Amino acid sequence: EAGVAQSPRYKIIEKRQSVAFWCNPISGHATLYWYQQILGQGPKLLIQFQNNGVVDDSQLPKDRFSAERLKGVDSTLKIQPAKLEDSAVYLCASSSSTRSDEQYFGPGTRLTVT
Amino acid sequence: AQSVTQPDIHITVSEGASLELRCNYSYGATPYLFWYVQSPGQGLQLLLKYFSGDTLVQGIKGFEAEFKRSQSSFNLRKPSVHWSDAAEYFCAVTLQGGKLIFGQGTELSVKP
């Protein structure tokens with residue numbers, strides 16, 4: 001079974017630039033999550049999708065962050081414009097339902113904003 | 001507010017020694033509990049989980065954890081640590097609904 005795929009693995013941009021991350025969840029997983037992990041901290045949920053609908057985006061800074069999952073499969077997270085404090089690892093995870101089943105994590109995208 | 005506390009930021013143990021990583025949570029009800037491990041440059045891997053039933057749960061790689069409701073704790077243990085166990089360990093909780101709340105993490109170093 002293929003795992004959660006993410007790209008790119010690393011990205012360096014200047015502040016005020018835009019960036020996008022892509023995630024392909026495990027086949028058949030209806031629930032997809034984006035987490036932000038700042039150095040020295042645990043991951044924090046940014047947004048949760050159930051199929052192509054948003055379940056929870058309460059922690060997403062909507063003035064600069066956006067995410068979509070148009071066909072209920074892969075997803076894109078965008079930051080526009082980036083700030084220095086957005087430097088972090090962005091983790092994508094998927095699970096088979098919104099119940100407390102195991103979430104499978106991708107390798108993450110490490111973003112550095114200079 | 002709901003929170004997860006891992007009191008130890010960094011722990012160093014000798015190879016072959018026993019290990020215990022602490023985790024305390026603050027929730028109104030008993031949440032679902034997880035321990036994840038993260039190696040450098042890798043995503044998070046689930047070690048074990050507790051939903052209900054037996055309070056001592058076994059996980060992968062020889063890890064176990066014990067849920068103690070009276071102490072709101074879910075400590076991770078391993079009787080004999082291997083050098084390959086060096087990594088960062090995260091305790092996480094969730095109520096039904098899927099959103100994971102993570103602790104700050106404990107970095108484990110293993111001395112030869």
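Quantities reported herein were computed from a predicted structural model and do not represent experimental measurements.

A.B. asks: Report on the overall build of chain B, specifying residues and quantitative values.
C.D. replies: Counting secondary structure elements, chain B contains zero helices and 12 strands. If you list the helices and strands of chain B from N to C, you get β-β-β-β-β-β-β-β-β-β-β-β. Computed over C-alpha atoms, the radius of gyration of chain B comes to 13 Å, within 12% of the 13 Å expected from 2.2 N^0.38 for 112 residues, which places it in the range of a compact globule. Taken along its principal axes, the extent of the C-alpha atoms in chain B is 40 × 30 × 20 Å. Counting every position in chain B, which comprises 112 residues, the buried fraction comes to 46%.

A.B. asks: How would you summarise the sheet that holds strand E7 (residues 65-68) of chain A if you had to cite specific residues and measurements?
C.D. replies: All names here are of chain A. Overall, antiparallel pairing links the four strands, which are arranged E1-E3-E8-E7 in an open sheet. Looking along the sheet, the strands with just one partner apiece sit at the ends: strand E1 (5-7) and E7. On average, each strand axis in the sheet is inclined to that of its neighbour by 15°, with strand direction left out of account.

A.B. asks: Tell me about the interface of chain B and chain A, residues and numbers included.
C.D. replies: Contact with chain B, which involves 22 residues of that partner, is made by 22 residues of chain A. Summing the contributions of chain B and of chain A, the shared interface buries around 1600 Å²; its carbon and sulfur component is 50%. The tally of links from chain B across to chain A stands at one salt bridge. With a closest N to O distance of 3.9 Å, A:Asp56 and B:Lys99 form a salt bridge. Linking chain B with chain A are three residue pairs in polar contact (both at pLDDT 80 or more). Of all elements in the fold, only strand E5 (32-38), strand E6 (44-50) and strand E10 (87-94) of chain B reach the threshold of two or more residues within the side of chain B that touches chain A. Of all the elements, E5(B) adds the most residues to the side of chain B that touches chain A, at four residues. Here the side of chain B that touches chain A is composed, by residue class, of 10 nonpolar, 10 polar and two charged.

A.B. asks: Run through the state of the cysteines, naming residues and quoting values.
C.D. replies: Here the structure, examined in full by the defined rule, presents two disulfides over all chains. Between A:Cys23 and A:Cys92 runs a disulfide, and the two sulfur atoms are separated by 1.9 Å. The disulfide joining A:Cys23 to A:Cys92 has a torsion of about -70° about its S-S bond and is therefore left-handed. In this pair, A:Cys23 sits in strand E3 (residues 19-24) while A:Cys92 sits in strand E9 (residues 88-95), placing the two residues 69 residues apart along the sequence. Exposure remark for A:Cys23: the relative accessible area of 0% places this residue in the buried category. Judged by its relative accessible area of 0%, A:Cys92 is buried. Each disulfide pairs two cysteine sulfurs, and for B:Cys23 the partner residue is B:Cys91, the sulfurs being separated by 2.0 Å. Because the sign of the S-S torsion sets the handedness, a value of about -65° for the bond joining B:Cys23 and B:Cys91 places this disulfide among the left-handed ones.

A.B. asks: Describe the packing of aromatic side chains, listing the residues and the values that go with them.
C.D. replies: All names here are of chain A. For the coordinates displayed, the defined rule picks out 16 aromatic pairs over all chains. Note on Tyr35 and Phe105: the rings are 5.5 Å apart at their centroids and 40° apart in plane angle, and the pair reads as tilted. Of the two residues, Tyr35 sits in strand E4 (residues 31-37) while Phe105 sits in strand E10 (residues 104-105), which places them 70 residues apart along the sequence. Note on Tyr35: relative accessible area 0%, which makes it buried. A relative accessible area of 10% means that Phe105 is categorised as buried.

A.B. asks: Can you tell me about the pattern of salt bridges, naming the residues and giving the values?
C.D. replies: Residues and elements named next belong to chain B. Enumeration according to the criterion identifies seven salt bridges over all chains in this entry. The shortest N-O distance in the salt bridge between Arg77 and Glu66 comes to 3.2 Å. Note that Arg77 is positioned in strand E9 (residues 73-78) and Glu66 in strand E8 (residues 64-68), a separation of 11 residues in sequence. Judged by its relative accessible area of 24%, Arg77 is partly exposed. Glu66 gets classed as partly exposed once you look at its relative accessible area, which sits at 23%.

A.B. asks: Got a sec to walk through the nonpolar core? Specific residues and values, please.
C.D. replies: Grouped together as the largest cluster of nonpolar side chains are 28 residues, with contacts concentrated most on B:Leu19, B:Trp35, B:Leu47, B:Leu48, B:Phe74, B:Leu76 and B:Tyr89. When contributions to this core are tallied by element, the ones reaching two or more residues are strand E2 (10-14), strand E3 (19-21), E5, E6, E8, E9, E10 and strand E12 (106-111) of chain B. For this core, the leading source of residues is E10(B), giving four residues. When neighbours within four sequence positions are excluded, B:Leu19 is seen to be in contact with B:Ile11, B:Val13, B:Phe63, B:Leu76, B:Arg77, B:Lys78, B:Val81 and B:Leu108. Membership of the second largest hydrophobic core comes to 21 residues, among which are A:Ile13, A:Phe49, A:Phe65 and A:Ala88.

Criteria and cut-off values
- Residues numbered from 1 in each chain as written.
- Chains lettered and ligands numbered in written order.
- Predicted model: local features only at pLDDT ≥ 70, side-chain atom pairs only at ≥ 80, totals over all residues.
- Heavy atoms only, no water.
- Helix = DSSP H or I, 4+ residues; strand = E, 2+ residues; numbered from the N terminus.
- Rg over C-alpha atoms; globule rule 2.2 N^0.38 Å.
- Buried < 20%, exposed > 50% of the residue type's maximum accessible area, 1.4 Å probe, protein only.
- Pairing = 2+ DSSP bridges.
- Axes fitted to C-alpha atoms, helices over the stretch in contact; angles between N-to-C directions.
- Contact = heavy atoms within 4.5 Å.
- Buried area = accessible area lost by both parts, 1.4 Å probe.
- Salt bridge = Lys/Arg side-chain N within 4 Å of Asp/Glu carboxyl O.
- Polar contact = N/O pair within 3.5 Å; in protein donor to acceptor, adjacent residues only side chain to side chain.
- Nonpolar A, V, L, I, M, F, W, Y, C, P; charged D, E, K, R; others polar.
- Disulfide = S-S within 2.5 Å.
- Phe/Tyr/Trp six-rings, centres within 6.5 Å; stacked < 30°, edge-to-face > 60°.
- Core = buried A, V, L, I, M, F, W, Y, C linked by side-chain atoms within 4.5 Å.

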